[in-house]
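# Coordinate inspection notes
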Amino acid sequence: MNPDFFVCPLNKKLIRTLRERSLVIKLDKIQDVGQAVALEKEFDFHIHCLQLETQTPLASIPFQNDWLDVPLAVYTPSLGNFFDFVEKLPLLRQINIRVYLPTNKKENYTNLQIISSLGITSALEFKKDYLDWELMTDLMTYALLPLVPHAPIDPFYYIANRYDPHKRNDYNSVYFNDFRFYLHLDHDGRVYFSHDDLKQGHYIADSIEELNNPEVEKELSKRYFRWTGFFLKTDGCAYCPGWRICLGKFSDTVKSIPGCSKFFSEFMDVIEQYKSIQRDKKEVWQP
Amino acid sequence: MPNILFTQYCVRSCPYCFAKKHMSESSPDDVLSWENLIYLVDFLQKSGEKRFSILGGEPTLHPDFNNMVLYVLERGLDVTVFTSGVMKEEKLQEAVSFFKPVPRERLSFICNLNDPLKTPSPPAEIESVKRFLRAFGEKVVPGFNIYRTDFELDFIFQYINEYGLQRHIRLGIAHPIPGRKNIYIALDDMEKVINRVFSYISLFERLRIKPGLDCGFPMCKFTDEQLAWLYRYTGGKNEFGCGPVIDIGPDMSVWSCFPLSSFHKKSIFEFNSLKDIHEYYMHLHDSIRIEAGGIFIECDDCVFRDDKNCHGGCVAHSLSRFQEEEPLRLKEVYF
């Protein structure tokens, strides 16, 4: 098993062992960006992205001019003071950034529209206990069927551009959480399939070197076919047309916050419209 | 250029107010939401508009007024705000800090001023207006609505000089609101009003201030001498028009202009572009003019109206008249 990317904490000792790998480095302080960039110069690895999780609102994050080339995934709770945000816009538009806003604040559905309409790529971070499927539908429609061009809003844009109605369509990569492409490491170099596994301490290998171990391969195969479990039950997700995109991600909230099935079914209709608009776009021959 | 209503309530109660009917039928809690604002900016940009015109009620009463204006400017549209200038001090200070560096070509205010003597307001309100004028001086075009024949413009000349406002006065004329009693200039008084405006010629010239006529002035009530002066002094920039302005409410309803706020109201979602909306209401205006060429009986045969040099005054006069007659006209001209 050889995934494309490893998601790891900012740990010099660990990172030193990850030569020639592509890394998503998790930061909890914006001030650590400089340190991560310095490590890339010191050791021979590639920064796929710096994943910053902060409680500071977007408008208050002190972005700097010398980060223009650093790929950033910023998980922030809110947009913050609008005037401060607008002051930062010229710089934000130049930075290689995707802003993640969580669903636990209703205004974030609108904030994502604002951010996107002002040219900043963004993404919705699903918080399972705080989902508003109606607002999500509005946001998804805005993301895919805009009146005028705006910056992408994920995971809608991500899925729409990769959607295959005959396959399972997973958007976990938007959150570095698709084990086919991303594996997670802790400070000691233990390997996990997902962020949740990491939080719960369920690791699959003691180190990267063990990833080719047949036991790990077996675990991987088991994980890969875990989706079939949905179809062994005769309720809910097994009959849901939206499953092709959702893949059962909301099966545990479907009763407490209903609406996911309607949303994902509508999502598929909008994707079809989106695709037909893309198909109708005339493209001249390319030299 | 359409007007977008940020709010549907106002701190003033001007006797001539043409938004009165619309506001009385709306909830004061209806303010423009961010989602609707984003849609409207998208819609106008798709329609090729470059300017965004903000109206109320009093638009500055919107709790997010400053941020919303900032957003529209960031989206690349130039902004005009129609305001009374009555703003809470704290909000005004915030607005100054936000907008002072914005050039006046990108952001301007049309401040509708009332004569402190003829249309008295509470002293606190007058102070608030003065504070606003002092703060935004060169970004402000003073506006004045004429609803009586003995109006005076001296106080506006004084404000322009005192606060450094733009040297231009937007002169509006109060029109009837079909289906509602309001104070407006009767047809017989049009000439008096025009003569009164022209009694200020020497001040306009001496102070280098240009008058700008808003919609609904009938050309025939100006003498040739007055028209010649207007042409010479304003470079022929005045029109004698009446057509759909297009107002868009916070709930995304659309209508032709405030006096016609109940006339064939639609939803913006029924149209694909501003051009579609304009064509829809233009067709209705044309229907009204089939029934009555203009506000005067002579309008029907007027060569200047045929050539569209004058639109025959405000259609609200004709619509008001139709209301009082037997309903024998084209069905489109009724509410």
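Above this text sits the structure in question.
Numbering of residues starts from 1 in every chain and runs along the sequence as written. Lettering of chains starts at A and numbering of ligands starts at 1, both following the order in which they are written. Local features in this predicted model are restricted to residues of pLDDT 70 or higher, and side-chain atom pairs are both shown and tallied only at a pLDDT of 80 or more, whereas totals for entire chains, interfaces and linings draw on every residue. Note that the side-chain values use all heavy atoms of the structure and ignore hydrogens as well as water.

## Looking at the interface of chain A and chain B
Throughout, a residue-residue contact means that at least one pair of heavy atoms, one from each residue, lies within 4.5 Å. On the side of chain B, 15 residues touch chain A, which itself brings 13 residues to the contact. Buried area is calculated as the accessible area (1.4 Å probe) missing from two parts once they are joined, with the contributions of both summed. The largest per-residue losses of area from chain A upon contact with chain B belong to F82(A), F83(A) and L147(A), which jointly make up 40% of the total buried on that side. Basic side-chain nitrogens of Lys or Arg form a salt bridge, by our definition, when they fall within 4 Å of a carboxyl oxygen of Asp or Glu. The interface formed by chain A and chain B includes one salt bridge. Only α3 (82–94) and α4 (107–117) of chain A provide two or more residues apiece to the side of chain A that touches chain B. Sorting elements by how many residues they give to the side of chain A that touches chain B places α3(A) first, with five residues. Gly falls in the polar group here, along with every residue not listed as nonpolar (Ala, Val, Leu, Ile, Met, Phe, Trp, Tyr, Cys, Pro) or charged (Asp, Glu, Lys, Arg). Considered class by class, the residues forming the side of chain A that touches chain B number nine nonpolar, three polar and one charged. Strands are runs of DSSP state E lasting at least 2 residues, helices are runs of H or I lasting at least 4, and numbering of each runs from the N terminus.

## What to know about the nonpolar core
If you look at the biggest cluster of nonpolar residues, it comprises 206 residues, and the most contacted ones within it are I25(A), F63(A), F85(A), F156(A) and F52(B). Setting aside anything within four residues of it in sequence, one finds F85(A) in contact with L58(A), A59(A), L79(A), L92(A), I115(A) and L118(A). Residues belong to a common nonpolar core when they are buried Ala, Val, Leu, Ile, Met, Phe, Trp, Tyr or Cys residues joined through side-chain atoms within 4.5 Å. When a residue's accessible area, from a 1.4 Å probe over protein chains only, is under 20% of the maximum for its type it is buried; when over 50% it is exposed; and in between it is partly exposed.

## A closer look at the environment of I245(A)
All names here are of chain A. With respect to the element layout, I245 can be found in helix α9 (residues 243–246). I245 gets classed as buried once you look at its relative accessible area, which sits at 0%. For the pair I245 and D4, spaced 241 residues apart in sequence, the C-alpha separation works out to 22 Å.

## Things to note about the pattern of salt bridges
All names here are of chain B. Tallied over the entire structure, the rule returns 29 salt bridges over all chains. With a closest N to O distance of 3.9 Å, E89 and R131 form a salt bridge. In this pair, E89 is assigned in helix α4 (residues 89–99) and R131 in helix α5 (residues 123–136), connecting sequence segments 42 residues apart. E325 is paired through a salt bridge with R329; the nearest N and O atoms lie 2.8 Å apart. Accessibility expressed as a relative area gives 21% for R329, which makes it partly exposed. Several salt bridges share partner residues, and in doing so they unite K118, R148, D150 and E152 into one network.

That is the geometry; function is a separate question.
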